[in-house]
Amino acid sequence: MTSIRRGTLTIPTSTWGPSNPLPDIFGSGDIHAQSGFEDAEDIDGEGVDERSSRAQTALPYLDQDGYLAEEEPQEHATVVLENDHLTATFLPGLGGRLWSLLDRATGRELLHQNEAIRFRNLALRNAWFAGGVEWNIGMIGHSPFTSSPVHTAALSGPDGEVGLRFFEYERIRNVSFRVDAWLPEDSHELLIRGTIVNDSPHATPMYWWSNMAVPQLEATRVLAPAASAWKYGHERVLSTVPVPAVDGGDITWPARTLETVDYFFDTAGTRMPWVTAVDGTGFGLVQASTANLVGRKLFLWGQDAGGRHWQEWVSGAGSYCEIQAGLARTQLEYLRMPAETEWSWVEAYGALQVDVATAQSEDWSAATGAVAENLASRDLPGRLEALRDRDQSIELLVEVLPDGSGWGAVENALREYLGQGAIDAERTPFPADAVGPAEEYWLRLLRGEPATATELDPQHPPLSYQIDPRWVRVLQHHDDWLALLHLGVIAAAQGSFAEAGEFWQASVDRTRNAWALRNLGALAADRGNTAEAVVFYRSAHELAPELLPLTRELLGVLHDDGRPADVLELVQSLPADQRDDGRVLIAEARAALATGDLDRCRGVLDRNLEVLDLREGDSLLEELWNEYQAAAGSTDPLPSRYDFRM
């Protein structure tokens, strides 16, 4: 019989420090958003915002950048589905991630598991960790929920089978989504049904990728039913390449690839797209799906010095690669999801054993044919399509654990205020008792109540933001500094930056506050007015000097305005905990270099400098090292600890 149980997993985990209350107005984005087939803003024929720093932003979500380098054992809640063949362990507190998939016949783990939950700056909201299978929705990049709890429910199927549901409300695209896990009694595959519901009257760009971390051994080979792929490497240009041979090498052997690279396999026309990573015995994880989850990808950190360091940085000693599956051909494009539409697909995850000589054969068609033959013997296409097309109204929610956010409840309250229908409560019952301090402000507005004295105290940063213009009608009934601040953020999210600046200035005029002043500084910096940005940022910093993210941003605009002496003066005045921050040390080293103090710059570089929130593709450390070498007239090679070249 299939069973479901709750438990805990204790694993070393990055400790959390204070969160970042500053809204991500202009964004840093994902490196995959720099190029592609389509632009999300063009889908409905609307004009493209041409501002120079145009980038993907995580608004209305706040950045999760308050983690520290220290790791401590931490207990994480788990939910386990198990039958005679598989044990699947999920982490509801971390996006519902499938952390472990154990093949019970062999006792072997099918996924790569990190030695620690080690947060690094690779997600839309910064904090991301390697391992398992994560579910990514909405925007190009790692999901806003990848390091946050989601709602969890136990399911009962039409024949009494048990299942799991993870669900949340996604506020960038204004859609609800759910991930259902089923493990039928005699199944050798865990079945995952993903569903996205756009019940609004507007079409929206949509994105979904399921990312699987798998062990990368010397003999690991990745197979997929494709004769060509789109390559996306350090050139940030998408090109078409044959599979498996590219430039004299075979791209399907991860341990033989030097560069950090994405390969998106072209599986068009396949009734059941699949991808697998098998080891030197022909054993490994295989993932297959209904045809509408068309994309398949292989991601490699690569075997050059920078790639190996990145892998150690995020995962420790164990090597891994990622095989992935998505709704679109590549991760550089969105699909247009029409209004009032529901999309569902089904994935299968399980163990694969094929003849190793065939799997490692230079005959690509023979290698992929062996996998296809194995999958055909399981009658998977019909089973996957049947689950996708099954009437979900006959599935019952047995128990709901309100562990996720209260934003679904807030959305329902907003719809009621506007006379609109609520989100389907039978499938995604967003509970009111999930509402916390970050959501309560918005519910009070909908009830016509004023903000609390604490919320209106400018010493306290707002706990949350909105970007949906439907909130303008609600906020316009209030004229305090906080409402004006929020109106400015909504205007900025819609691309109306002049209007945003007017709202923020009005907020400052009403009550002087660091939050609107910082936004005015960010706006000035985005326009290239660095001197004006310095004025605003200094004013904001005077009001909130203890806020490290604000200190980092002030140091950045001082640098951009060519004021290295001012950078050093500010650094000297900071408390010890801020002075030891990696970003602050980088600012100090660059300013010392600019003022000719090579010894001070070298002193920072010799400290084994660690920039914990280094972004994927960020060449900051390499550039600083090279600038120092040029100024010092030396040619020392880049230390391995600073080598994040991709």
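Going by the structure above, here's the rest.
> So what's going on with the pattern of salt bridges? Residues and values would help.
One pass over the structure, following the stated rule, counts 44 salt bridges. In this structure, the salt-bridge partner of R193 is D180, at a minimum N-O distance of 2.7 Å. With R193 in strand β12 (residues 189-198) and D180 in strand β11 (residues 175-182), this residue pair connects regions lying 13 residues apart in the sequence. Note on accessibility: R193 and D180 belong to one class, buried. Of the charged contacts in the structure, one is a salt bridge between R444 and E455, with a shortest N-O distance of 2.1 Å. With a gap of 11 residues between them, R444 in helix α6 (residues 437-446) and E455 in the loop between α6 and α7 (470-475) connect regions that are remote in the sequence. There is no split in this pair, since R444 and E455 are both buried.

> Pulling in residues and values, what's your account of the nonpolar core?
Ranked by internal contacts, the top residues of the largest apolar core, which has 88 residues, are L190, I196 and W208. In terms of residues, this core owes the most to one element, strand β26 (residues 341-353), which gives 7 residues. For L190, the contacting residues outside a window of four places in its chain are L81, L86, A88, F90, L98, L101, A181, W182, L183, E347, A348 and Y349. In terms of nonpolar packing, the next biggest core, distinct from the first, is built from 62 residues, L414, A483, L570 and A587 among them.

> So what's going on with unusual backbone geometry? Which residues, and what values?
Residue P60 is bonded to the preceding L59 through a cis peptide linkage, with omega at 10°. Residue placement: P60 occurs in the loop between β1 (3-16) and β2 (67-82). Cis geometry marks the peptide bond from V243 to P244, where omega comes out at 15°. Within the secondary structure layout, P244 lies in the loop between β17 (238-242) and β18 (245-246). The phi torsion at R236 lies on the positive side, around 60°, for a residue other than glycine. Even without being a glycine, D379 presents a positive backbone phi close to 55°.

Scoring rules and cut-offs
Residue indices follow the written sequence of each chain, beginning from 1 at its first position. Note on the predicted model: pLDDT of at least 70 is required for a residue's local features to be given, and 80 or more for side-chain atom pairs to be given and counted; whole-chain, interface and lining totals, by contrast, use all residues. Hydrogens are left out, water is left out, and the side-chain values use all remaining heavy atoms of the structure. Each reported salt bridge corresponds to a side-chain nitrogen of Lys or Arg within 4 Å of a carboxyl oxygen of Asp or Glu. Going along the chain from the N terminus, every DSSP run of H or I of four or more residues is numbered as a helix, and every run of E of two or more is numbered as a strand. Only protein chains enter the accessibility calculation, which uses a 1.4 Å probe; a residue is then buried when its area is under 20% of its type maximum, exposed when over 50%, and partly exposed in between. We call a set of buried Ala, Val, Leu, Ile, Met, Phe, Trp, Tyr and Cys residues a nonpolar core when their side-chain atoms join them within 4.5 Å. Should any heavy atoms of two residues lie within 4.5 Å, those residues are considered in contact.

So, to be careful, I would describe these as geometric facts and stop short of saying anything about function.
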